[in-house]
Amino acid sequence: MAVRPKLVLGIETSCDETAAAVVASDRTILADRIASQTELHAPHGGVVPEIAARAHLERLDAMIELALADARIGFGELDAVAATLGPGLIGGLVVGATAAKAIAYARGLPFVAVNHLEAHALSARLSHGIDFPYLLLLVSGGHCQLLIVEEVGRYRRLGTTIDDAAGEAFDKVAKLLGLGYPGGPAIERAAEGVGNDAVALPRPMKGRPGCDFSFAGLKTAVRQLVEREAPLAPSRIPAIAAAFQAAVADVLEDRTARAIAAFRASHPTGTNLVVAGGVAANRTLRTRLEGLATRHGLGFVAPPARLCTDNAAMVAWAGAERLARGLVDRLDAAPRPRWPLDPDAAPAPFAGVKG
Ligand code: KG4
Ligand code: ZN
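Here the residue numbering is sequential within each chain, running from 1 through the sequence in written order. Starting at A for chains and at 1 for ligands, labels are handed out in the order in which the entities are written. Totals for whole chains, interfaces and linings use all residues, but because this is a predicted model, local features are given only for residues with pLDDT of at least 70 and pairs of side-chain atoms are given and counted only at 80 or more. Computation of side-chain values covers all heavy atoms of the structure but excludes hydrogens and water.

Novice: Go over the overall build of the chain with me, naming the residues and quoting the values.
Specialist: Only runs of H or I of at least four residues qualify as helices and only runs of E of at least two qualify as strands under DSSP, and these elements are numbered from the N terminus. For the chain, the helix and strand inventory stands at 11 helices and 10 strands. We compute the radius of gyration over the C-alpha atoms and compare it with the globule rule, which gives 2.2 Å times the number of residues raised to the power 0.38. Here the chain has a C-alpha radius of gyration of 20 Å; the compact-globule value for 355 residues is 20 Å, and the two agree. By principal-axis analysis of the C-alpha atoms, the chain measures approximately 65 × 50 × 35 Å. We call a residue buried when its accessible area falls under 20% of the maximum for its residue type, exposed when it is over 50%, and partly exposed in between, using a 1.4 Å probe and counting protein chains only. Burial statistics for the chain: of 355 residues in total, 55% are counted as buried. Note on contacts: a residue pair is in contact if any heavy atoms of the two residues lie within 4.5 Å. Sequence-distant contacts in the chain: of pairs separated by 6 or more residues, those separated by 24 or more amount to 73%. Here the accessible surface of atoms and residues is derived via Shrake-Rupley with a 1.4 Å probe, and residues count as covered only by protein chains that are part of the display. Within the structure as shown, the chain displays about 14600 Å² of accessible surface, and the carbon and sulfur contribution to it stands at 55%.

Put into structure tokens, the structure is as follows:
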């Protein structure tokens, strides 16, 4: 008799998306609801933690109900509840963790505490079903890391940002150019079809040993340029956006090339380069990384954009992966604003995670 796939409810509240999803252990996404708070934070040019926590509290119950309705199931048909317990903004983490624990307790279900970075890291197994090990470039608003994904719960960090995350740089540069928040999609739109050589920008860390990143200097270079040219002619905005996007892609490609060499040496059975996180939605970056992977004889895997930006399907999936291995958690598991995937990695000032 065929074994019925396990159904996991996933909850994501670590930053500015309030999300709930139902995913089956056979990789079917039965429901994937996201309430974005972009409009609440846009006037502030970035996420305001107190506003985010309150919005999660107001919206989460409705997201869970809608997700169950989309999946056409009740709480009784769930096999587990998973929630992001870190890293992230503590107010939001507490809201999601408390809701998940309450459901698990009331229904007698296993509870899985999910690391948000692990959820991003495993999203390519949900979308593409790839095998371990693989090399992962995780690039989002809060994180910028190169990791070898060996198994669920087993990660080796090769590099991280020593200052800003890549998405953070996109957001800050978009603000400088008056392009609004979130900055990544706005910069990508502004740069569409525009040449990237009208403005010279630095490539921080390019060619340096190791796989670490730095974006603060690039952001400063854009700020100085904008100040020099103030008031900025509207015609300059697309040129600067395109030059900035090209500089970020250059740096990410250079750092990833070094990581591929390290991955090849330590994990010769690995066959894929994966990109995940919000910045992975960027088409220029995808094209560059795909070319890089192909030149090195690796497959290139990028989950669809909806699974790259923050969502609860990846959290539910990480929950399903952990459940299948018996990795469930106690109901007194505490939210963790900082939670590195590789505890053995050398401490970095920010480790690609906003504090
Ligand atoms: O993964 P995510 O939704 O949230 C975090 O965990 O941080 O990533 C959001 C980040 C934002 O900084 C946003 O500007 C960036 O991803 N982003 C992009 C694009 N879409 C989103 N960056 C560049 N190009 C895009 N198309
Ligand atoms: Zn994220």
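Text resumes after the structure shown.
Novice: Can you explain the nonpolar core? Please cite residues and give values.
Specialist: Membership of the largest hydrophobic core comes to 51 residues, with the highest contact counts inside it found for Leu-137, Val-139, Cys-144, Leu-201, Phe-215, Phe-244 and Leu-252. Among the elements of the structure, β6 (134–139), β7 (144–151), α5 (166–176), α6 (183–191), α7 (216–228), α8 (236–266), β9 (272–276) and α9 (283–295) are those that each provide at least two residues to this core. A per-element tally of this core places α8 first, with 14 residues. By convention a nonpolar core is built from buried Ala, Val, Leu, Ile, Met, Phe, Trp, Tyr and Cys residues, the set being connected through side-chain atoms within 4.5 Å. Ranked by size, the runner-up nonpolar core spans 37 residues in total, among them Ala-121, Val-301, Met-314 and Val-315.

Novice: Tell me about the sheet that holds β6, residues and numbers included.
Specialist: Judged by pairing direction, the sheet is mixed, and its five strands sit side by side in the order β8-β7-β6-β9-β10 without closing on themselves. Edge positions in the sheet fall to β8 (154–160) and β10 (299–301), since each of these pairs with one other strand and no more. Within this sheet the neighbouring strands show an average axis-to-axis angle of 25°, counted without direction. One requirement defines pairing of two strands: DSSP has to find at least two bridges between them. Sheet topology places β7 next to β8; six bridges connect them, and they run antiparallel. The residue of β8 that forms the bridge with Leu-146 is Gly-159. To obtain an axis, a line is fitted to C-alpha atoms, over the contacting stretch when the element is a helix, and the angle between two such axes runs from 0 to 180 degrees between their N-to-C directions.

Novice: Now, about the coordination of the zinc ion (ligand 2): what can you tell me, with residues and values included?
Specialist: Protein coordination at the zinc ion (ligand 2): the donors are His-116 (NE2), His-120 (NE2) and Asp-310 (OD), at 2.0 to 2.2 Å from the metal. In primary-sequence terms, the residues that donate to the zinc ion (ligand 2) follow H-x3-H-x189-D. Taken together, the residues span a long stretch of sequence, with His-120 in helix α4 (residues 116–128) and Asp-310 in the loop between α10 (305–308) and α11 (313–324) at a distance of 190 residues. Any N, O or S atom lying within 2.8 Å of the metal counts as a donor, with the limit raised to 3.2 Å for Na, K and Ca; because water is left out of the atom set, some sites can appear incomplete.

Novice: Can you explain the domain arrangement of the chain? Please cite residues and give values.
Specialist: In terms of domain boundaries, the chain breaks down into domain 1 (7–122 + 307–324) and domain 2 (133–304). The C-alpha centroid of domain 2 is placed 27 Å from the C-alpha centroid of domain 1. A buried area of about 1500 Å², summed over both sides, lies between domain 1 and domain 2, and 67% of it is on carbon and sulfur atoms. In terms of surface lost to domain 2, no three residues of domain 1 exceed Leu-117, Ala-121 and Cys-308, which account for 36% of the buried area on that side. Think of a salt bridge as a Lys or Arg side-chain nitrogen and an Asp or Glu carboxyl oxygen that are within 4 Å of each other. For the pair domain 1 and domain 2, the interface holds zero salt bridges. Segment limits for the domains were obtained from an automatic or database-derived domain assignment. As used here, buried area is the combined drop in accessible area, with a 1.4 Å probe, of two parts when they are placed together.

Novice: Pulling in residues and values, what's your account of α6?
Specialist: When you tally the buried positions in α6, you get seven out of nine residues, the bulk of the element. On its buried face, α6 is in contact with α5, α8 and α9.

Novice: How would you sum up the sheet that holds strand β3 (residues 29–36)? Please name residues and give values.
Specialist: Spatially, β3-β2-β1-β4-β5 is the arrangement adopted by the five strands of the open sheet, whose pairing is mixed. Bordering the open sheet on either side are β3 and β5 (111–115), each of which pairs with just one other strand. If you compare each strand with its neighbour and ignore which way they point, the axes differ by 20° on average. Pairing of strand β1 (residues 7–12) with strand β4 (residues 80–86), which is carried by four bridges, proceeds in the parallel orientation. Residue pairing for β4: Gly-10 is matched across the bridge by Ala-82. The strands touched by α11 are β1, β2 (17–24), β3, β4 and β5; relative to β1, the strand with the most contacts, the crossing angle is about 130°.

Novice: Explain the side chain of Asn-115 to me, using residue names and the numbers behind them.
Specialist: Structurally, the position occupied by Asn-115 is in strand β5. At 2.7 Å, the side chain of Asn-115 and the backbone nitrogen of Leu-117 are in polar contact. Once you skip the residues sitting within four places of it in the chain, Asn-115 turns out to touch Gly-86, Pro-87, Trp-339, Pro-340 and Leu-341. Contacts described as polar in this section are N or O atom pairs within 3.5 Å, which, within protein, must combine one atom able to donate a hydrogen with one able to accept it, while residues neighboring in sequence count only if both atoms come from side chains.

Novice: Give me the site of ligand 1: which residues, what numbers.
Specialist: Near is defined per residue: the residue qualifies when any heavy atom it owns lies within 4 Å of the molecule or strand. Around ligand 1 there are 20 residues in total, and Gly-141, Asp-171, Gly-184, Glu-188 and Asp-310 lie nearest to it. In the environment of ligand 1, an oxygen atom lies 3.0 Å from a nitrogen or oxygen atom belonging to the backbone of Gly-142. Between ligand 1 and His-143, the relevant distance is 3.5 Å, taken from an oxygen atom to a side-chain nitrogen or oxygen of the residue. Burial of ligand 1 by the surrounding chains reaches 90%, relative to a free accessible area of 550 Å².

Novice: Outline α5, listing residues and values.
Specialist: Considered for burial, the residues of α5 that qualify are Ala-166, Gly-167, Glu-168, Ala-169, Phe-170, Val-173 and Ala-174. Those residues of α5 that are buried lie in contact with β6, β7, α6, α7 and α8. Within two residues after α5, Gly-178 carries a phi angle of roughly 70°, on the positive side.

Novice: Residues and numbers for the state of the cysteines, please.
Specialist: When the sulfur atoms of two cysteines come within 2.5 Å, that pair is taken as a disulfide. Summed over the entire model, instances satisfying the criterion amount to zero disulfides. With no disulfide of its own, Cys-15 lies 16 Å from the sulfur of Cys-144, the closest cysteine sulfur. The class for Cys-15 is partly exposed, based on a relative accessible area of 23%. The closest cysteine sulfur to the non-disulfide-bonded Cys-211 is located on Cys-144, 12 Å from its own sulfur.

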